[in-house]
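One letter stands for each residue in the lines below.
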Amino acid sequence: MYSDCKETTRESNKVVGVSTRLIGIAAMLSCLPVAIHAKEFDFDNPQCDVQASRSVTNDHLTLNLNFCNQLTLHDGKLAKWTDSRIQPYLSASKRWLEVILAVDGVEQHSLDIDFYVVPMDNANGMAGPEAEIDVNWRLIPTEGSVFIGSHTYEPGFDQVEFNANILHEMGHVFGIGAYSMDYTRHDGSSVRCLWCAIAKR
């Protein structure tokens, strides 16, 4: 039987016609301890390798959904963005476009959203706007990122909570939480509608 990190014999080296010195160096290098760690995800500088894209729109607002990299599942395995894995994000997007109809004073507005499924500690998700434009002295997002915790893909994770989590995190990309004070700021005696909601129908 072979044991780890032992020198190869000269006889075996002669048989294969390879230099004993090179084999020895290779054997020595193979015995060096190597620490293999999964690369930690950089939430501050996420790199999106788009694997799939979808668009959802109403009359005035378009959400461009980018599904980034592969999903890192709860067991550390990587998985592809399939139609069934994308569907909950499409459903959440359509729900938001039933509630938010337009940007006040803007005929057409697009919001690009990057989605990642990555390991997260102490949270089911995290999200926020990444870029914005000024509309009537207020910031309206044009780009954002949503990070969903890998553990939410565990078998047995509550599906109501799973879907609610995606819906909730997308709200942060719209600026809820980040720009809430700005959206509800009074201009004189009136409150302007920045994200024109269902009440304006």
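See above for the structure.
Residues numbered from 1 in each chain as written. Predicted model: local features only at pLDDT ≥ 70, side-chain atom pairs only at ≥ 80, totals over all residues. Heavy atoms only, no water.

Comments concerning the nonpolar core
Heads up, the condition is: We call a set of buried residues a nonpolar core when its members are Ala, Val, Leu, Ile, Met, Phe, Trp, Tyr or Cys and they connect through side-chain atoms within 4.5 Å of each other. Throughout, exposure labels follow a simple rule: accessible area from a 1.4 Å probe, protein chains only, divided by the maximum for the residue type, with under 20% read as buried, over 50% as exposed, and the rest as partly exposed. Numbering of helices and strands runs from the N terminus, with a helix taken as a DSSP run of H or I at least four residues long and a strand as a DSSP run of E at least two residues long. We call two residues in contact when some of their heavy atoms are within 4.5 Å.
The biggest cluster of nonpolar side chains holds 30 residues, and the ones touching the most others in it are Trp81, Tyr89, Phe115, Tyr153 and Met170. Among the secondary structure elements, those contributing two or more residues to this core are strand S1 (50–57), strand S2 (61–68), helix H3 (83–99), strand S6 (109–118), strand S8 (138–149) and helix H4 (159–173). At 6 residues, the largest contribution of residues to this core is made by H3. Look past the residues within four positions of Tyr89 in its chain and what remains in contact with it is Leu65, Phe67, Trp81, Phe115, Val117, Ile148, Tyr153, Ile166 and Met170. Cys68, Tyr116, Met120 and Phe147 belong to the second-largest nonpolar core, a separate cluster that totals 5 residues.

As for the packing of aromatic side chains
Rules: Stacked, tilted and edge-to-face are the three classes assigned to paired rings of Phe, Tyr and Trp, where Trp is represented by its six-membered ring and a pair needs centres within 6.5 Å; plane angles under 30 degrees give stacked, over 60 edge-to-face, the rest tilted.
Overall, the coordinates contain 12 aromatic pairs when judged by the stated rule. Relative to Phe115, the ring of Tyr89 lies with its centre 4.9 Å away and its plane at 65 degrees, an arrangement referred to as edge-to-face. Of the two residues, Tyr89 sits in helix H3 while Phe115 sits in strand S6, which places them 26 residues apart along the sequence. Residue Tyr89 is classed as buried on the basis of its relative accessible area, which comes to 0%.

Considering the state of the cysteines
This is how the line gets drawn: For the purposes of this analysis, a disulfide is any pair of cysteine sulfur atoms at a distance within 2.5 Å.
Counted according to the given criterion, the structure contains 1 disulfide. Two residues, Cys48 and Cys68, share a disulfide whose sulfurs are 2.0 Å apart. The chirality of the disulfide connecting Cys48 with Cys68 is left-handed, given an S-S dihedral of about -85 degrees. Placement of Cys48 in the loop between helix H2 (20–30) and S1 and of Cys68 in strand S2 is noted, with a sequence separation of 20 residues between them. Taking the relative accessible area as the measure of exposure, Cys68 reaches 1% and is therefore buried.

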